[in-house]
Amino acid sequence: MDKKITNILFCGTGGQGVLTASEIASLAAMYDGFHVKKSEVHGMAQRGGSVESHVRFGENVSSPLMEAGQADFLVPFYKDEHDRLISYLSKDGKDLVDDLEQAHLKCENKKFVNTYMLGRLSKYLNVSEASWLKALEVGFKGRFVEENRKVFLDARNDK
Amino acid sequence: MKTTLLLSGDEAIARGAYEAGLKVAAAYPGTPSTEILEYVSQFPEVDAQWAVNEKTSYEVALGASIAGVRSMYSSKHVGLNVAMDPLMTSIYSGITGGFIVVVADDPQMASSQNEQDCRLLAKFAKMPMLEPSSPSEAYTMTKMAFDLSEKFDTPVMIRITTRVAHTKENVEIGERVEVADKPFVPNAPKYVMAPGFAYKKHIALEAKLLEMAKYADESELNTIEINDKSMGIITDGVAYLYVKEAFPNASVLKLGFTYPFPDEKIKEFAKQVKDLFVIEELEPFIEEHVKQLGIPVKSKDISYRIGELNPTLVKEIIEGKTKVEKPANSRKPVMCPGCSHRPVFYALKKLGVIVSGDIGCYTLGALKPLEALHTTICMGAGVTVFASMSKILGSNKVVGVVGDSTFVHSGIEGLIDAAYNGTKGLLLVLDNGTTGMTGAQHNPSTGINAKGEKTKKLSLEEISKASGADIVEVIDAFADNLQDKIKELMNKDALSVLIVRYPCRMIDRTKKPLPVFDSSKCKNCNACLVVDCPAISKNKENKIALDEYLCVGCDVCVKTCKFGALTKRGNE
């Protein structure tokens with residue numbers, strides 16, 4: 001297995017599904033056999049404050065937190081939080097901020113924005129589609145399985 | 001086939017305890033330790049209990065141990081303060097069935113009122129302490145802790161931090177192993193801590209500590225990793241992982257069985273490396289001990305005693321730097337749209353009264369723009385601090401505010417105190433039917449237990465009357481006369497309790513008809529922003545906008561608008 005650690009930083013505000021999204025990405029990587037660490041930096045986040053979730057996976061992950069300039073992917077759910085945390089993105093990192101605009105255009109129901117973002121993120125990761133779909137089902141605790149699957153696959157297969 | 005789950009440190013501790021034959025678990029919710037009891041409550045073999053507070057939960061768990069079964073207490077750091085009375089003496093008496101004390105510190109205060117380092121309490125109480133750095137270690141160490149507890153006849157502390165409690169990681173789980181109950185045999189010199197017996201127990205405890213120190217020296221939880229010998233780092237807890245990230249080639253002494261300190265291992269490690277550092281979060285707990293052993297070690301600057309560490313800060317410490325505090329730039333937390341606390345603090349702000357507050361979501365009433373809560377110290381102090389402030393500053397100028405769960409935790413005693421000692425004035429009990437701040441746990445006033453079963457329900461009205469309140473009334477949080485009622489009761493020559501009742505948004509998510517916002521009538525005076533609702537904000541054109549996705553129709557904002565731009569639906 002590749003020694004490299006993949007670092008993904010999810011960010012947004014309380015109630016936007018940031019933690020569900022990072023949980024699903026972590027589960028998907030775990031199902032594919034990676035060692036995963038996921039850790040949140042937040043205050044009283046469920047009260048609308050900032051939420052950032054660090055997901056790191058690879059052969060063996062030490063620190064649960066990444067450092068500034070280390071994120072391979074920045075997955076924002078709120079533009080202001082994206083701007084606040086942009087310094088975490090590595091020089092060659094992928095910023096999914098444009099996908100966020102797409103997500104809001106494509107998802108009539110804002111509940112599915114996080115699933116859409118996961119679909120976009122999944123295009124770039126070395127994690128199998130089967131693991132993603134299983135993780136979606138477990139992560140959403142069996143709620144809206146078909147809808148989430150559809151939104152995820154549409155986003156994943158969109159150019 | 002082996003099963004691997006993605007578990008948080010809290011969940012891993014619960015799982016480990018369950019597999020170790022746990023039969024009783026007791027706790028009071030507190031971030032970041034809440035999920036331990038929540039997770040363990042799913043297992044039918046475990047009598048999982050939410051207790052009134054940490055003192056009662058400690059005693060309930062200790063009682064189960066004395067009766068002969070494996071038991072667990074869990075709380076956050078400040079919760080342990082409440083349990084310190086039984087804890088200190090239980091170290092003398094010892095246990096019957098294995099008993100573990102899980103405490104979760106909160107460096108950086110993600111959700112706490114102080115940043116105390118409970119490692120010092122392990123030393124103060126003279127109890128052994130294990131410190132996992134990750135969920136998978138938390139799982140393993142929890143199982144070991146029960147054996148250690150029974151081997152040395154002592155409660156064992158498992159000390160974690162927010163970063164261990166809330167990090168998730170792959171954890172390979174196993175099966176539960178039933179452990180035979182140990183017989184309780186009456187034994188006054190062991191279980192009756194009267195002075196004469198306790199004195200002998202103290203003598204025995206000092207000898208036990210020396211034995212445990214020897215055991216710590218041999219423990220596989222304290223490991224020396226020799227790499228580059230020019231730099232040696234002694235570290236514990238999650239700081240170990242930051243060290244591995246920042247200095248993968250350094251030699252490391254990783255402490256997992258941190259107290260009593262493994263002196264021989266520390267000396268052996270120090271001999272092998274050139275420059276010796278200690279990397280630990282918060283207090284210089286290990287550093288001071290290493291110095292006491294006569295071993296030269298580089299100190300971290302005191303600025304790093306504040307807040308949590310990360311790999312970047314570990315590098316700074318090694319470089320001998322001083323921490324530069326960065327201004328917080330993250331969004332502040334707010335009450336949810338439709339929160340039943342919002343109308344209360346809007347009314348208190350308009351009345352301009354002094355508010356003695358407590359710990360809960362309603363503490364947010366202190367922040368701008370509401371700024372209608374003026375003291376918060378600890379659980380229950382909303383009542384007792386009010387009792388004194390009301391007497392000194394005037395009962396028509398001060399109100400006390402406490403939530404339902406906090407009132408039950410340690411507010412009731414304060415009310416009895418207030419009644420007994422002649423306090424007059426008004427205490428507001430904000431009853432939203434749950435322990436909201438920690439994520440909606442039950443408490444005695446909800447009438448549901450930790451397993452989700454119906455149980456006896458504590459009546460807040462009756463307990464308030466029985467405690468000595470002269471007037472006890474109940475009002476809907478969104479009632480139009482809330483402000484008038486508060487004013488009326490503050491001005492009575494009596495001790496009053498007003499129970500402001502409305503369910504928390506986390507337990508009742510119904511959306512009512514939304515108010516109508518007519519932008520043509522809006523003067524952009526910003527009066528509606530004072531209620532600090534996430535559903536009302538300024539848009540890109542700097543104009544007031546109502547977010548219909550977030551709004552739930554509580555209509556508190558309607559009361560703020562003088563120009564008829566915000567009106568109740570049907571009244572427009």
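The shown structure was predicted, so the numbers you read here are calculated from the model rather than taken from an experiment.

### Some remarks on the overall build of chain B
For chain B, the count of helices and strands is 19 helices and 22 strands. Compactness check: chain B gives a C-alpha radius of gyration of 26 Å against a globular reference of 25 Å for 572 residues, within 12% of the reference. The dimensions of chain B, computed from C-alpha atoms along their principal axes, are 80 × 60 × 55 Å. Counting all 572 residues of chain B, 54% fall into the buried class. Within chain B, residue pairs in contact and separated by at least 24 positions form 75% of the contacts whose partners lie at least 6 positions apart.

### As for the environment of S356 of chain B
Residues and elements named next belong to chain B. As for its position among the elements, S356 is in strand 14 (residues 354-356). Along the chain, S356 and F386 lie 30 residues apart, while their C-alpha atoms are 5.3 Å from each other. If sequence neighbours within four positions are ignored, S356 has contacts with H374, T375, G382, V385, F386, M389, V398, G400 and V401.

### Topic: the domain arrangement of chain B
All names here are of chain B. Each domain of chain B was delimited in the assignment, giving domain 1 (3-215), domain 2 (223-318), domain 3 (342-501) and domain 4 (516-567). The gap between the C-alpha centroids of domain 3 and domain 4 is 29 Å. On the side of domain 4, 7 residues touch domain 3, which itself brings 6 residues to the contact. Partitioned by chemical class, the residues of the side of domain 3 that touches domain 4 number 5 nonpolar, no polar and 1 charged.

### Brief notes about the sheet that holds strand 17 (residues 471-476) of chain B
All names here are of chain B. The strand order across the open sheet built from 5 strands is 14-15-16-18-17, with neighbouring strands paired in parallel fashion. Strands at the two margins of the open sheet, each flanked by one partner only, are strand 14 and strand 17. Neighbour to neighbour, the strand axes of the sheet diverge by 25 degrees on average, direction disregarded. Looking at chain direction, strand 15 (residues 398-403) and strand 16 (residues 425-431) are connected through 5 bridges and run parallel. Bridged to G403 within strand 16 is L430. Here helix 16 (residues 381-393) sits on the sheet in contact with strand 14, strand 15 and strand 16, set at roughly 175 degrees to strand 15.

### Observations concerning the packing of helix 1 (residues 9-19) of chain B against helix 7 (residues 135-152) of chain B
Axis angle and axis distance: for two packed helices, these are the angle between their axes and the distance between the axes, and together they describe the pair. Residue and element names in this part refer to chain B. At their nearest, the axes of helix 1 and helix 7 sit 8 Å apart, and the two run at 30 degrees to each other. Classed by the angle they form, the pair helix 1 and helix 7 counts as roughly parallel. As helix 1 runs across helix 7, the sense of the crossing is right-handed. Touching G9, A12, I13, R15, G16, A17 and E19 of helix 1 are P135, S136, A138, Y139, T140, T142 and K143, all from helix 7. By residue class, the composition of the contact of helix 1 with helix 7 is 6 nonpolar, 5 polar and 3 charged.

### Focus: the environment of P107 of chain B
All names here are of chain B. Looking at where P107 falls in the secondary structure, it is placed in the loop between strand 5 (99-105) and helix 6 (119-125). The exposure class assigned to P107 is buried, which follows from the 23 C-beta atoms found within 10 Å. Measuring from C-alpha to C-alpha, the distance between P107 and T162 comes to 7.1 Å, with 55 residues separating the pair along the chain. P107 has contacts with E115, T161, T162, E281, L282, G307 and E308, leaving out every residue within four places of it along the chain.

### Side note on the nonpolar core
One finds M117 of chain A together with A25, V40, A61, I100, I158 and V243 of chain B to be the most contacted residues of the largest nonpolar core, which totals 146 residues. Top contributing element to this core by residue count: helix 1 (residues 18-31) of chain A, with 10 residues. Beyond its immediate chain neighbours, meaning those up to four positions away, A61 of chain B contacts V24, A25, A26, S71, M72, Y73 and F99 of chain B. The next biggest cluster of nonpolar side chains, apart from the first, holds 68 residues, and it includes I412, M437, M490 and V556 of chain B.

### Focus: helix 15 (residues 342-351) of chain B
Residue and element names in this part refer to chain B. Along helix 15, 7 of the 10 residues are buried, which leaves the element largely enclosed by surrounding structure. Among all positions of helix 15, only R342, P343, V344, F345, Y346, A347 and L348 are buried. Of the surrounding secondary structure, the elements contacted by the buried residues of helix 15 are strand 14, strand 15, strand 16, helix 19 (482-490) and strand 18 (495-501). Just beyond helix 15, the residue with positive phi is G352, at close to 65 degrees.

### As for the interface of chain B and chain A
The interface of chain B with chain A comprises 29 residues on the first partner and 25 residues on the second. Of all the elements in the fold, those that place two or more residues in the side of chain B that touches chain A are strand 1 (3-8), strand 8 (168-173), helix 11 (239-246) and helix 14 (311-318) of chain B. The element that contributes the greatest number of residues to the side of chain B that touches chain A is helix 11 of chain B, accounting for 4 residues. Grouping the constituent residues of the side of chain B that touches chain A by class yields 13 nonpolar, 9 polar and 7 charged.

### Comments concerning the pairing of strand 11 (residues 250-255) of chain B
Residues and elements named next belong to chain B. Across the 6 residues of strand 11, 6 count as buried, placing the element largely inside the fold. Taking every second residue as pointing to the same face, both faces of strand 11 are buried, with A250, V252 and K254 on one and S251, L253 and L255 on the other. Two elements, strand 9 (residues 223-225) and strand 11, share 3 bridges in a ladder whose sense is antiparallel. Bridged to T223 within strand 11 is K254. When strand 10 (residues 228-236) meets strand 11, the two strands line up parallel, connected through 6 bridges. When the sheet's bridge partners are listed, D228 is paired in strand 11 with A250. Read as a crossover between parallel neighbours, the route from strand 10 over helix 11 to strand 11 is right-handed.

Criteria and thresholds
Residues numbered from 1 in each chain as written. Chains lettered and ligands numbered in written order. Predicted model: local features only at pLDDT ≥ 70, side-chain atom pairs only at ≥ 80, totals over all residues. Helix = DSSP H or I, 4+ residues; strand = E, 2+ residues; numbered from the N terminus. Rg over C-alpha atoms; globule rule 2.2 N^0.38 Å. Buried ≥ 20, exposed ≤ 12 C-beta atoms within 10 Å, placed from the backbone. Contact = placed C-beta atoms within 7 Å. Domains from an automatic or database assignment. Nonpolar A, V, L, I, M, F, W, Y, C, P; charged D, E, K, R; others polar. Pairing = 2+ DSSP bridges. Axes fitted to C-alpha atoms, helices over the stretch in contact; angles between N-to-C directions. Parallel < 35°, antiparallel > 145°, perpendicular 65-115°, else oblique. Left-handed = near helix turned anticlockwise from the far one by under 90°. Core = buried A, V, L, I, M, F, W, Y, C linked by C-beta atoms within 7 Å. Right-handed = clockwise from strand over helix to strand, strands pointing away.

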